[in-house]
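# Descriptive structure summary
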Amino acid sequence: MGRAVKGTITIEGHEIAITNPDKPLWPEAGVTKALYLRKLAVLAPFLLKYCHQRLLTVIRWPHGIHGDFFYQKNAPHPRPDYIETALHDGIEYIVLGKLPQLLWLGNQAALEFHPSLHLAGSQLPCEWMIDLDPSREVEPRIMEAASIVGEVLASLGLDSVPKTSGATGVQIIVPIRPGITFDELRSIGLLVGQFVTEKHPHLFTLERLKKDRGTAIYFDYLQHYQGKTLAAPYTPRARPGATVSTPLTWEEVRQDVSPLDYHLLNIEERLNQIGDLIDKVPPQPVEDLLKHMRSKTHPT
């Protein structure tokens, strides 16, 4: 038996059916599907920027965050003609770029948006991201760890932007110019990861297996690669507080801001006040650092 259609909205000339608008998606936060769609529209200018022309994986919770969920890579059938797709490794991904597509996915209870780290049809990264992944569900040192990594990057001549994952971790983003490869960024990531783990062995680990990390925070430079995904900036997360993956200032990190502080109910005010922090950092001179590393490895 199909879901009852409760109404439609028209966005950019496309009619989108809205089903079960009163369904609670984040019950603790009081976020129904109708409210979620309104908040997605607010997030759209920011979220779409970091999903544009990328291969999209969404996570869907048809009955809200306490129900069953599933990852969706293949674009479902049937689907409206305004849903754009791209074929990659035998999977027909949605390529998200416009508000009607976003709201259509929102109506399907797609609560998290995890784009590829490269554009469809490309093998080159769009930016560089380091993922700091806590081994504990509550990690009071996560902002301390982020601050240390930010300082190391700054010492290498790289400005960066920290963002909450919206869950427990922090990602650190370095804008780059086109042409740098994933492998080149991994080589820098390994260098930084080895440095911070040697300096702070109780805080950081490069151990990929969670069971072998103890309480240390995993410095994950390997996840940033072709075919992998990370939570998009400004994606909601299926957590009780309806948290949103939110870029931060380094001052906020030093003040030990909580990843739980920014969520669907207050993100609009923040974005109105400070805009997109990632957009304010120009591409960084990663090429210069790579040349320096090569000269050390292969001196003339």
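Residues numbered from 1 in each chain as written. Predicted model: local features only at pLDDT ≥ 70, side-chain atom pairs only at ≥ 80, totals over all residues. Heavy atoms only, no water.

Following His77, the chain continues to Pro78 via a peptide bond in cis, the omega torsion being -10°. Considering the arrangement of structural elements, one finds Pro78 in the loop between β6 (70-72) and β7 (85-88). Residues other than glycine seldom take positive phi values, yet Glu12 does so here, at roughly 50°. Here Glu12 lies in the loop between β1 (5-11) and β2 (14-19). Exposure remark for Glu12: the relative accessible area of 56% places this residue in the exposed category. One non-glycine residue with positive phi stands out, namely Ala242, at about 55°. Along the chain, the position of Ala242 falls in the loop between β14 (217-220) and α5 (250-254). Judged by relative accessible area, which is 0%, Ala242 ranks as buried. (Helix = DSSP H or I, 4+ residues; strand = E, 2+ residues; numbered from the N terminus. Buried < 20%, exposed > 50% of the residue type's maximum accessible area, 1.4 Å probe, protein only.)

Time to look at the domain arrangement of the protein. For the protein, the assigned domains are domain 1 (5-119) and domain 2 (127-292). Centre-to-centre separation of domain 1 and domain 2, based on C-alpha positions: 25 Å. With 28 residues of domain 1 at the contact, the number on the domain 2 side is 33 residues. Counting across the interface, domain 1 meets domain 2 through five salt bridges. (Domains from an automatic or database assignment. Contact = heavy atoms within 4.5 Å. Salt bridge = Lys/Arg side-chain N within 4 Å of Asp/Glu carboxyl O.)

Turning our eyes to something else, we now look at the pattern of salt bridges. A complete count under the given rule lists 16 salt bridges for this structure. A salt bridge links Glu137 to Arg239; the shortest N-O distance between them is 2.8 Å. Residue Glu137 is located in the loop between β10 (127-133) and α3 (142-155), and its partner Arg239 is located in the loop between β14 and α5; the two are separated by 102 residues in the primary sequence. We classify Glu137 as exposed; its relative accessible area is 56%.

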